[in-house]
Amino acid sequence: MVASVGNPKRISTVSVDAPSVARFGGFELDLQQLELRRQGAQVHLPPQPLRILALLLSHAGRIVTREEIQRQVWASGTFVDFELGLNRCIRQIRAALDDNPDQPRFIETIPKRGYRFVAPLEKPDGGNSQGVGAMSPPAEIAAPQARSVWARWPLALIIAGGALAGFGLVVMLRPAAEKPAPRLLRVVRLTHFGRAELADSLAADENSIYFGERQGGNWGIARIAKDGGEPAAIKIPFPQPFLCDYSSRRSELLVLSDAGLMGIGDLWIVPASGGPPRRVGDVVASGATWSPDGSAIAYSYQSGVYEVNPDGSGGRKLLTLQDSMKVHWEPGSRGGTLTIVRRDPKTDSYSLWEASAGGEQLHPALDGWRPAPASQGEGEFYGRWTPDGKYLIFCSFRNGGSSIWAVPGVNRRFTKDGIRPVQLYSTSMLISPVLPSADGQRIFFVANQPARELQRFDSVRHAFVPFLSGVPGRWVSFSADGQWVAYCDPTDAFHGTVWRSRIDGSQRQQLTFSPMNALEPRWSPDGAHIAFSAQTPGRGLAIYRVSSNGGEPERIMPTNEHDTCPIWSPQGGELLFYRITSDPPALYSLDLRTRRCSMVANSQDLGAEYALSPDGRYVAAAAADGSSLLLLDLKTHRRSVLIKGRGLSFPYWSPHGEYVYVQELLGNPQEPIQRVRVSDCRVETVATAENFLRSDISGFSLTGVAPDGSPVVSLVRATADLYALDISLP
């Protein structure tokens, strides 16, 4: 779902009389904010499907061809599979509208041609209007042609007498007399290898950009010329390096070693031109940054933000922040500014903060701009100032879409007095930390379009083969009779819906719908229900169950706790689950008859990735840092270590309880799936990345074990690359 910008000469206009909200069948699409709502509640839908829905609405009653959709929404120069992207977008729209393609209420498929919006549109006075002319067609925004660009906007910005109107996507309203706003000139794809790593920071010197890369279970650091080309790996003499920052004054990188699944590691200084690395005292960090003059280092770790000299001496605490994730030290007066990413542990959402270099004047960087995010993975993050200190550049992830924004600085601080961020770029991809260039004319970032596919290991062919026809999916669960399967179809990296089907893929049915974000489905022993954890707008994770035949999901415990990963007891009378808000986090058991809830003894800090043995006697759990696979005896409450490793994740029991399957995610590019015999802890490798019949994958995760004992995996296609925005910042 990636495209080049359209022809700059094709610019259309929109009638100022066109409505700003389209209403149909209990839904309404806000054409200014491009938000879909159902009975007042926002319905989650990524930006690309929203644009397609807007296009179909604008031509209600007539066929919109696939070619027209490509031209209006993707345009020319598409460099990924348009057909795959369009099919996925239509599927997401139907899921959001609860529309059945076999008996469509809203969107009708015209085979080999396109789609038609068939529902009546409501007039502003409450009446109905059907067919062409019910709304004005969307406009297009002019933009320069680029060789390979991430997204284009098919809807236009209309300024009429200082008021906003029309059917289109609104980017920013600006009086003509004001100073020109920041704007995007073009988007350039700098790499084409698909293995860039989103988690690492970006850094640059005069000639090169430094970024993280991933090959299976191995992480590394690479550099590339600023104008693109072939990435070159940097030799780092310790495992799993994580790039934090680069000092142009010192020509040295800050790197975490062996950061692992938790993103925490020892802090090292690595000369960019080669030479032995140096450990920064005994510092352990989750993120680090050079001071502008290279004389000090600020880093984040657990309880706050700290400062230390490059040799490890002079350490002091600057801020007490239990939720700090990343930190960057920007130049400026009085020592500069610290920009800090904070994570809300209850909702797993993010916000951007600032403080002085000494840790004083801590404040939200974007106070009053948008409501606080309440959904997993959403929020604002990765703030970086341009070198001249005029603009704060940051990322936002909301409603399944990523965007890059610029906000003018006032004395290097954002204020609410008439100053609003300007959107430079938006995409359905995930975006990494942004990095403004030294001249302020470019913004570098890594972008990834998550593309998953279910596959099953065939022990006869010794290869992974498509499962359920290769549908995108995660968290596969099989019914007790082995005839049915439930899984999550991810709409993006943080949102998903629960589906069930026969094991051959037939009788497929969607069980949950947006805006509910569902994950981790599990069949009940009698096959009547599926339990899962989910987030809904304004709430944290909670445990739900839904009939396997469909219906309204039931929230099992109406509490303010945050619970995940439900697993049924063998008899079906209890549910185990993992309570994130417990101190420390632990496993809990819920009696479904009495609704009484109690903590499982000695289960503290087991880790949220766990599995219950078929007889209900044991829990196998991966330690939170992936260093071991633990076994908890629920009868004696004793814990033991089955195996040790690095990056152990995704435990699943074999159907008869003899083995525990687990995957080693770190330190081995093959990411082996192993099974451990519980009776004697004997370990054998079942499958690795070498067993895939395709080469375009960046990784895969164990996501279930079939009734015949074969591992089921969710593979991830290699689509993460380095991009640059050419921009104008007046």
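The rules behind each value
Residues numbered from 1 in each chain as written. Predicted model: local features only at pLDDT ≥ 70, side-chain atom pairs only at ≥ 80, totals over all residues. Heavy atoms only, no water. Helix = DSSP H or I, 4+ residues; strand = E, 2+ residues; numbered from the N terminus. Contact = heavy atoms within 4.5 Å. Areas by Shrake-Rupley, 256 points an atom, 1.4 Å probe, with all protein chains shown as cover. Phe/Tyr/Trp six-rings, centres within 6.5 Å; stacked < 30°, edge-to-face > 60°. Core = buried A, V, L, I, M, F, W, Y, C linked by side-chain atoms within 4.5 Å. Buried < 20%, exposed > 50% of the residue type's maximum accessible area, 1.4 Å probe, protein only. Pairing = 2+ DSSP bridges. Axes fitted to C-alpha atoms, helices over the stretch in contact; angles between N-to-C directions. Salt bridge = Lys/Arg side-chain N within 4 Å of Asp/Glu carboxyl O. Parallel < 35°, antiparallel > 145°, perpendicular 65-115°, else oblique. Left-handed = near helix turned anticlockwise from the far one by under 90°. Nonpolar A, V, L, I, M, F, W, Y, C, P; charged D, E, K, R; others polar.

Participant: What is the right way to look at the overall build of the protein chain in this model?
Facilitator: Across its full length, the protein chain holds three helices and 58 strands. Put simply, 48% of the contacts in the protein chain that link residues at least 6 apart link residues at least 24 apart. For the protein chain, the accessible surface area stands at approximately 29500 Å², while carbon and sulfur atoms represent 47% of it.

Participant: For this particular structure, what's the right way to read the packing of aromatic side chains?
Facilitator: Any pair of aromatic rings gets described here by the distance separating the centres and the angle formed by the planes. Throughout the structure, instances matching the rule amount to 22 aromatic pairs. A ring pair is formed by Tyr299 and Tyr306, whose centres lie 5.2 Å apart and whose planes are at 15°; its orientation type is stacked. Ring geometry for Trp369 versus Trp405: centroids 4.8 Å apart, planes at 75°, classification edge-to-face. One end of the pair, Trp369, is in the loop between β26 (363-364) and β27 (379-385); the other, Trp405, is in strand β29 (residues 401-408), with 36 residues separating them in the sequence.

Participant: Would you mind showing me how to read the nonpolar core here?
Facilitator: What tends to happen in soluble globular proteins is that the nonpolar side chains get buried as a cluster. In this structure, Phe211, Ile404, Tyr425, Ile443, Phe445, Leu722 and Leu725 are the most contacted members of the largest nonpolar core, which totals 47 residues. In terms of residue count, the dominant contributor to this core is strand β28 (residues 391-398) (six residues). Setting aside residues up to four positions removed in sequence, Ile443 forms contacts with Ile393, Ile404, Leu424, Val434, Leu435, Pro436, Tyr723, Ala724, Leu725 and Ile727. Residues Phe24, Leu50, Leu53 and Ile93 belong to the second largest nonpolar core, which totals 33 residues.

Participant: Honestly, the environment of Ile431 in this entry has me stumped. Any pointers?
Facilitator: Structurally, Ile431 is set in strand β31 (residues 430-431). Judged by its relative accessible area of 7%, Ile431 falls in the buried class. Measuring from C-alpha to C-alpha, the distance between Ile431 and Cys395 comes to 7.5 Å, with 36 residues separating the pair along the chain. When neighbours within four sequence positions are excluded, Ile431 is seen to be in contact with Leu198, Phe381, Tyr382, Cys395, Ser402, Ser403, Ile404, Tyr425, Phe445 and Val446.

Participant: Before we go on, may I ask you to explain the sheet that holds strand β45 (residues 574-579) in this structure?
Facilitator: Backbone-to-backbone hydrogen bonds join strands into a sheet, with any given pair of strands oriented parallel or antiparallel. Pairing is antiparallel in the open sheet, where four strands are placed in the order β44-β45-β46-β47. Pairing within the sheet leaves two strands with one partner each, and these edge strands are β44 (563-568) and β47 (597-599). Neighbour-to-neighbour, the strand axes of the sheet open up by a mean angle of 30°, direction not taken into account.

Participant: It is not clear to me how the pattern of salt bridges should be interpreted in this structure. Could you clarify?
Facilitator: Should the charged atoms of two oppositely charged side chains come close, the side chains can pair. Considering all chains together, one arrives at 32 salt bridges under this definition. Of the charged contacts, one joins Asp30 and Arg37 as a salt bridge, the two residues approaching to 3.5 Å between their closest N and O atoms. Residue Arg37 is classed as buried on the basis of its relative accessible area, which comes to 17%. Across the pair Arg442 and Asp227 runs a salt bridge whose closest N-O atoms are separated by 3.9 Å. Here the residue Arg442 occupies a position in strand β33 (residues 442-448), and Asp227 occupies one in the loop between β13 (218-225) and β14 (232-234), the gap between them amounting to 215 residues. Its relative accessible area of 13% is what places Arg442 among the buried residues. Salt bridges here are not isolated pairs; linked through shared partners, they connect Arg23, Glu28, Asp30, Glu35 and Arg37.

Participant: Can you walk me through the sheet that holds strand β20 (residues 297-301) in this structure?
Facilitator: Taken together, four strands build an open sheet; the order of strands is β19-β20-β21-β22 and the sheet is antiparallel. Sheet topology places β19 (287-290) and β22 (316-320) at the edges, where each strand pairs with a single neighbour. In this sheet, adjacent strand axes meet at a mean angle of 20° when their direction is disregarded. Where β19 and β20 come together, four bridges link them in antiparallel fashion. The partner of Thr289 across the bridge, within β20, is Ala298.

Participant: Honestly, the packing of helix α1 (residues 47-58) against helix α2 (residues 66-74) in this entry has me stumped. Any pointers?
Facilitator: Pairs of packed helices are described in terms of their axes, by the angle between the two and the distance that separates them. Contact geometry for α1 and α2: axes closest at 10 Å, N-to-C directions at 125°. On the basis of their axis angle, the class for α1 and α2 is oblique. The element α1 and its partner α2 pack so that their crossing is right-handed. Contacts from Gln48, Arg51, Ile52 and Leu55 in α1 reach Glu68, Ile69, Gln72, Val73 and Trp74 in α2. Its residues placed into classes, the contact of α1 with α2 shows five nonpolar, two polar and two charged.

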